[in-house]
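# Coordinate inspection notes
Each chain, letter by letter, is given below.
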Amino acid sequence: QVPLVESGGGLVQAGGSLRLSCAASATIFTINYMGWYRQAPGKQRELVATITSRGTTRYTDSVKGRFTISRDNAKNTVYLQMNSLKPEDTAVYYCYTDRYGLGPDYWGQGTQVTVSS
């Protein structure tokens, strides 16, 4: 079991910043893939960012240059730093683990990010 607890969401004006945290109850240094999805009302779930155990990162085009995913294995935590936020970023953000490379197997509870114009 790898319970994931998210925090850091909230309301921010366009151009502002937030940092989301995803804290695991167990060590994450052996987990190959972790990342963040987001889902806005009436929209499909979108993969935002991923990070591998080696620190390799990938981002969806719409957030490149604005979002940064990182992991702190000592703290068993994955972060999503979100800068220059836009109203289009408004969504519920979910972190996940992919321990075996077969797809997400554990999910955080979701944290709401609302960006006002």
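Rules used throughout
- Residues numbered from 1 in each chain as written.
- Predicted model: local features only at pLDDT ≥ 70, side-chain atom pairs only at ≥ 80, totals over all residues.
- Heavy atoms only, no water.
- Pairing = 2+ DSSP bridges.
- Helix = DSSP H or I, 4+ residues; strand = E, 2+ residues; numbered from the N terminus.
- Axes fitted to C-alpha atoms, helices over the stretch in contact; angles between N-to-C directions.
- Buried < 20%, exposed > 50% of the residue type's maximum accessible area, 1.4 Å probe, protein only.
- Contact = heavy atoms within 4.5 Å.
- Polar contact = N/O pair within 3.5 Å; in protein donor to acceptor, adjacent residues only side chain to side chain.
- Phe/Tyr/Trp six-rings, centres within 6.5 Å; stacked < 30°, edge-to-face > 60°.
- Lys NZ or Arg CZ within 6 Å of the ring centre and 35° of its normal.
- Core = buried A, V, L, I, M, F, W, Y, C linked by side-chain atoms within 4.5 Å.

## Some remarks on the sheet that holds strand 1 (residues 4–7)
- Strand order in this open sheet of four strands is 1-3-8-7, and the pairing throughout is antiparallel. Either end of the sheet is taken by a strand with one partner, and the two such strands are strand 1 and strand 7 (67–72). Sheet twist, expressed as the mean angle between neighbouring strand axes with direction ignored, is 15 degrees.

## Overview of the environment of Arg38
- Structurally, the position occupied by Arg38 is in strand 4 (residues 33–39).
- Of the residues examined, Arg38 reaches a relative accessible area of 7% and is grouped as buried.
- In sequence terms Arg38 and Ala91 are 53 residues apart; their C-alpha atoms lie 5.8 Å from each other.
- Apart from residues lying up to four places away in sequence, Arg38 is in contact with Gln44, Arg45, Glu46, Val48, Ser62, Val63, Phe67, Asp89, Ala91, Val92 and Tyr93.
- Among the polar contacts listed, one links the side chain of Arg38 to the side chain of Asp89, at a separation of 3.0 Å.
- In terms of polar contacts, Arg38 uses its side chain to reach the side chain of Tyr93, at 2.9 Å.

## What about the packing of aromatic side chains?
- Inspection of the entire model under this criterion finds three aromatic pairs.
- Taking 5.4 Å as the distance between ring centres and 50 degrees as the angle between the ring planes, the aromatic pair formed by Tyr37 and Trp107 counts as tilted. In this pair, Tyr37 is assigned in strand 4 and Trp107 in strand 10 (residues 106–107), connecting sequence segments 70 residues apart.
- By relative accessible area, which is 14% here, Tyr37 ends up buried.
- An aromatic cluster is defined as three or more aromatic residues linked by ring pairs; in this entry it consists of Tyr37, Tyr96 and Trp107.
- Directly above the ring of Tyr37 sits Arg45, whose terminal nitrogen or CZ lies 4.7 Å from the centroid.

## Examining unusual backbone geometry
- Phi is positive for Asn76, close to 55 degrees, though the residue is something other than glycine.
- Positive phi values are uncommon outside glycine, yet Ser84 reaches one of about 50 degrees.
- Relative to the helices and strands, Ser84 is located in the loop between strand 8 (77–82) and strand 9 (91–98).

## Some points on the environment of Gly55
- Topologically, Gly55 is positioned in the loop between strand 5 (46–52) and strand 6 (57–59).
- Residues Gly55 and Asn32, spaced 23 residues apart in sequence, show a C-alpha to C-alpha distance of 9.6 Å.

## Quick word on the nonpolar core
- Of all hydrophobic cores here, the largest spans 27 residues; its most connected members are Leu4, Trp36, Phe67, Leu80, Met82 and Tyr93.
- Taken together, the elements giving at least two residues each to this core come down to strand 3 (18–24), strand 4, strand 5, strand 7, strand 8, strand 9 and strand 11 (111–116).
- The element best represented in this core is strand 3, accounting for four residues.
- Contact partners of Tyr93, with chain neighbours within four places excluded, come to Glu6, Leu20, Trp36, Tyr37, Arg38, Val48, Phe67, Leu80, Met82, Gly110, Thr111 and Val113.

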